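Structural overview for review
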Amino acid sequence: MDKRHTRGLLAAAKDEFWPKVRPLDLDEGWTDDGDGPAAGSIAVVDISTVGSHPAEGRIIRLTLRSFEYDSSGAITWIGDLLDTVEDPGTPTPTGMHAAAENSVSEPRRGIVEDWTATEVLRAVSIVVAHGVDAVRPWVESRFEHARGLRWACSMSDVDWPARGFHGFALNSLLWQSGYSHGRNVPGAGTDAVVQLLRHRSKDNRTALAELLDRQRRPS
């Protein structure tokens, strides 16, 4: 984020018509929210890639954050962050695609371990991404044993305008909810989605409850 944009956000944050923005810092573990046993679990996925299509590119960053929710749609427990950067062997700026607006700094050498990612993805009830169409093909291409899972979209499966939000871009939605998250901070994309799914409307209904209801409707 450049300095001009930062100054603009800070100035807007001081305006009474805009939310007061504070850094997002998710606490892992029990949330003290909700009043019932776990009804299911979700893994939020964020990726960055080299190339414009899975057939000709590869995932160079995979971030996963799992959580549990109760029957009311309240997030009751937040798991550890899994954030892995893989060196593609080529310079990253050219042809790099960040699925959830989460840019990648210089990659450290490592490898996105298929078995670890697959274990997390297969252990949950639903996999969520902000823009499923941009994420799911890459994940299913890379992780053979994670195909055919149940997916949901935090962008389109929640009626954000009805909740008073403008637009659908992840960073913008997060900022409108009163939080900000650095683009190079580990877990920026996944944690933004988790926080947004905790958002409660005027009738105290979480965005997650809305997403789950849409998932239950016949296609």
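Residues numbered from 1 in each chain as written. Predicted model: local features only at pLDDT ≥ 70, side-chain atom pairs only at ≥ 80, totals over all residues. Heavy atoms only, no water.

**Focus on helix H2 (residues 114–122)**
When H2 is considered as a whole, its buried residues turn out to be Thr116, Ala117, Thr118 and Leu121. If you follow the buried residues of H2, they end up packed against strand E3 (40–50), strand E4 (58–69), strand E5 (75–85), strand E7 (126–129) and helix H3 (132–142). (Buried < 20%, exposed > 50% of the residue type's maximum accessible area, 1.4 Å probe, protein only. Helix = DSSP H or I, 4+ residues; strand = E, 2+ residues; numbered from the N terminus. Contact = heavy atoms within 4.5 Å.)

**Here's the deal with the side chain of Thr206**
Mapped onto the fold, Thr206 is located in the loop between helix H5 (188–197) and helix H6 (207–216). Exposure remark for Thr206: the relative accessible area of 2% places this residue in the buried category. A polar atom in the side chain of Thr206 sits 2.8 Å from the backbone oxygen of Gly73. (Polar contact = N/O pair within 3.5 Å; in protein donor to acceptor, adjacent residues only side chain to side chain.)

**Section: the pairing of E5**
In this sheet, E5 lies alongside strand E2 (residues 29–30) in antiparallel orientation, the contact comprising 2 bridges. Its bridge partner being in E5, Gly29 is matched across the sheet by Ile78. Where E4 meets E5, 8 bridges bridge the pair, whose relative direction is antiparallel. When the sheet's bridge partners are listed, Leu62 is paired in E5 with Thr84. (Pairing = 2+ DSSP bridges.)

**Quick look at the confidence of the model for the protein**
Confidence in the prediction for the protein averages 84 pLDDT; 79% of positions are at 70 or higher. Least confident of the elements in the protein is helix H1 (residues 3–13), whose mean pLDDT is 44; most confident is E7, at 98. In the predicted structure, residues 1–16 sits below a pLDDT of 50 and forms 12 contacts with residues beyond four places in sequence or in another chain. pLDDT under 50 marks residues 93–109. Its contacts with residues more than four places away, or in other chains, come to 51 contacts. (pLDDT = per-residue confidence, 0-100.)

**Considerations on unusual backbone geometry**
A positive phi angle is found at Asp32, which is not glycine, with a value near 65°. Of note, Asp32 is situated in the loop between E2 and E3. One non-glycine residue with positive phi stands out, namely Asn204, at about 70°. For Asn204, the position within the fold is in the loop between H5 and H6.

**What to know about the pattern of salt bridges**
As a working rule, side chains carrying opposite charge can pair if their charged atoms are close by. A full pass over the atoms with the stated rule returns 12 salt bridges. Of the charged contacts, one joins Arg142 and Glu86 as a salt bridge, the two residues approaching to 3.5 Å between their closest N and O atoms. Of the two residues, Arg142 sits in helix H3 while Glu86 sits in the loop between E5 and strand E6 (96–98), which places them 56 residues apart along the sequence. For Arg142, a relative accessible area of 24% translates into the label partly exposed. Glu86 sits in the buried class, given a relative accessible area of 3%. A salt bridge links Glu210 to Arg214; the shortest N-O distance between them is 3.7 Å. Of this pair, Glu210 and Arg214 both sit in helix H6, 4 residues apart, which is roughly one turn of that helix. Judged by its relative accessible area of 10%, Glu210 is buried. (Salt bridge = Lys/Arg side-chain N within 4 Å of Asp/Glu carboxyl O.)

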